[in-house]
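Remarks on the overall topology
This is what each chain is made of:
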Amino acid sequence: MSLGDHDENGVSRRKVLECMTWAGTGVLWTLSGGVPRSLGLVDAARAAEQPASGLTFLQISDSHVGFDKPANPNATGTLEEAVNRIKAMPVKPAFMIHTGDISHLSKAAEFDDADRIISQSRLDVHYVPGEHDFLDEDVKLYKERYGKGTRGSGWYSFDANGVHFVGLVNVVDLKAGGLGNLGAEQLAWLEQDLKGRSKSTPIVVFAHIPLWTVYPQWGWGTEDGGRALDSLKGFGSVTVLNGHIHQVMQKVEGNVTFHTARSTAFPQPAPGTAPSPGPMKVEDARLRSLLGIASIDFKVGDERLAIIDTPLAG
């Protein structure tokens, strides 16, 4: 059923919406029976009555620390707000995934500020880079801070609670408006990384640019993403997490669920609704709603919450 005055568990619409005012800036994922489910931080409203079970982890994205243009003159401040919400969560996630664009211009001071703020969450954080993290001349600041133990330009994998996580990099040599690219070396590594794993192993893949083609005219997709998805076809449960487009979009295709997270910094227009992508200036009163509110659909008999690309108001 759609979210009315109360859901079937007695959580009021007002309470849910209070907790959802930043839901897009951080998506809570829980793995129950090995299958990831996105809770959209509504768990903060219901955790006391229905604690999360299994593994839970957070996804944040596109912090753009250092951004100070009219679309959000204080991107550092909105990141701090998101982290404060994380700290206040009644159920502590196992870790956090950041799907790129930590900084805005790849400056050391921006990475310093991001580290200072994000570390206050007291969570282990697994990063992949966005194109804004690869702007320094030698492309070394990101790698020196976050790339230890990774392969190539920063790809890697790890396991948690029986789930296999794969961090991919699709922003190397990215041209303005161009599609992301993984490259032959990374694709070969991915195939090898997955080789021999049980097909019942849940897989979570995370990268900055969506692996599926959202809107190629704006470069919102990965040129060779289909080849990566081919390597994942045989697995029963695959979840692909991305950022880059600063808005929630979700798609299910066979055994694969795709989810893009909103930014903690500024919104971008919906595909094709503006001449080009980029920071979207809105009224100050609406900024945080576009950074953080997603509509929710409770389905009878199904605990999963669908995060839908619909703003609460407007």
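Residues numbered from 1 in each chain as written. Predicted model: local features only at pLDDT ≥ 70, side-chain atom pairs only at ≥ 80, totals over all residues. Heavy atoms only, no water.

**Let's talk about the overall build of the protein**
Note the cut-off: The helix and strand labels rest on DSSP assignments: H or I over at least four residues marks a helix, E over at least two residues marks a strand, and numbering proceeds from the N terminus. A 1.4 Å probe rolled over the protein chains alone gives each residue an accessible area, and that area as a share of the maximum for its type sets the label: buried under 20%, exposed over 50%, partly exposed in between. The contact criterion used is simple: two residues touch if any of their non-hydrogen atoms lie within 4.5 Å. The accessible surface values rely on the Shrake-Rupley method and a 1.4 Å probe; as for residues, cover is taken only from the protein chains in view.
Within the protein, the secondary structure is distributed over 8 helices and 13 strands. Counting over 314 residues, the protein shows a buried share of 55%. Look at the contacts in the protein between residues 6 or more apart in sequence, and 71% of them connect residues 24 or more apart. When the accessible surface of the protein is totalled, it reaches about 13300 Å², and 50% of it is carbon and sulfur.

**Some details on the packing of helix 3 (residues 75-87) against helix 4 (residues 108-118)**
The condition is simple: Angular values range over 0 to 180 degrees, each being the angle between N-to-C directions of two axes fitted as lines to C-alpha atoms, with helices fitted over their stretch in contact. Each angle receives one of four descriptions, namely roughly parallel if under 35 degrees, roughly antiparallel if over 145, roughly perpendicular if within 65 to 115, and oblique otherwise. Two helices cross in a left-handed way if the nearer one is turned anticlockwise from the farther one by less than a right angle. They cross in a right-handed way if the turn is clockwise. Gly is put with the polar residues, along with every residue not named as nonpolar or charged; the nonpolar set is Ala, Val, Leu, Ile, Met, Phe, Trp, Tyr, Cys and Pro, and the charged set is Asp, Glu, Lys and Arg.
Look at helix 3 against helix 4: their axes get within 9 Å of each other, and the N-to-C directions meet at 20°. On the basis of their axis angle, the class for helix 3 and helix 4 is roughly parallel. The crossing of helix 3 and helix 4 is right-handed. Here helix 3 contributes Thr76, Leu79, Glu80 and Val83 to the contact with helix 4, which in turn contributes Arg116, Ile117 and Ile118. A breakdown of the residues in the contact of helix 3 with helix 4 according to their chemical character gives 4 nonpolar, 1 polar and 2 charged.

**Digging into the confidence of the model for the protein**
We count it as follows: pLDDT measures how confident the predictor is about each residue, on a scale from 0 to 100.
Residue-level pLDDT values for the protein average 78, and 74% of them are 70 or greater. When the criterion is pLDDT under 50, residues 292-314 qualifies, and its contacts beyond four places in sequence or with other chains add up to 68 contacts.

**Looking at the packing of aromatic side chains**
Selection criterion: Centres within 6.5 Å are what make two rings of Phe, Tyr or Trp a pair, Trp counting through its six-membered ring; a difference in plane orientation under 30 degrees is then read as stacked, over 60 as edge-to-face, and the rest as tilted.
On inspection of all chains with the given rule, the structure shows 15 aromatic pairs. For the pair phenylalanine 57 and phenylalanine 95, a centre-to-centre distance of 5.4 Å together with 15° between the ring planes defines the contact as stacked. Taken together, the positions of phenylalanine 57 in strand 3 (residues 55-60) and phenylalanine 95 in strand 4 (residues 95-98) put the pair 38 residues apart, joining distant regions of the chain. We classify phenylalanine 95 as buried; its relative accessible area is 6%. On the basis of an interplanar angle of 80° and a centroid distance of 6.0 Å, the ring pair of tyrosine 156 and phenylalanine 206 is categorised as edge-to-face. Of the two residues, tyrosine 156 is situated in strand 6 (residues 156-160) and phenylalanine 206 in strand 8 (residues 203-206); the sequence distance between them amounts to 50 residues. Accessibility assignment for this pair places tyrosine 156 and phenylalanine 206 in one class, buried.

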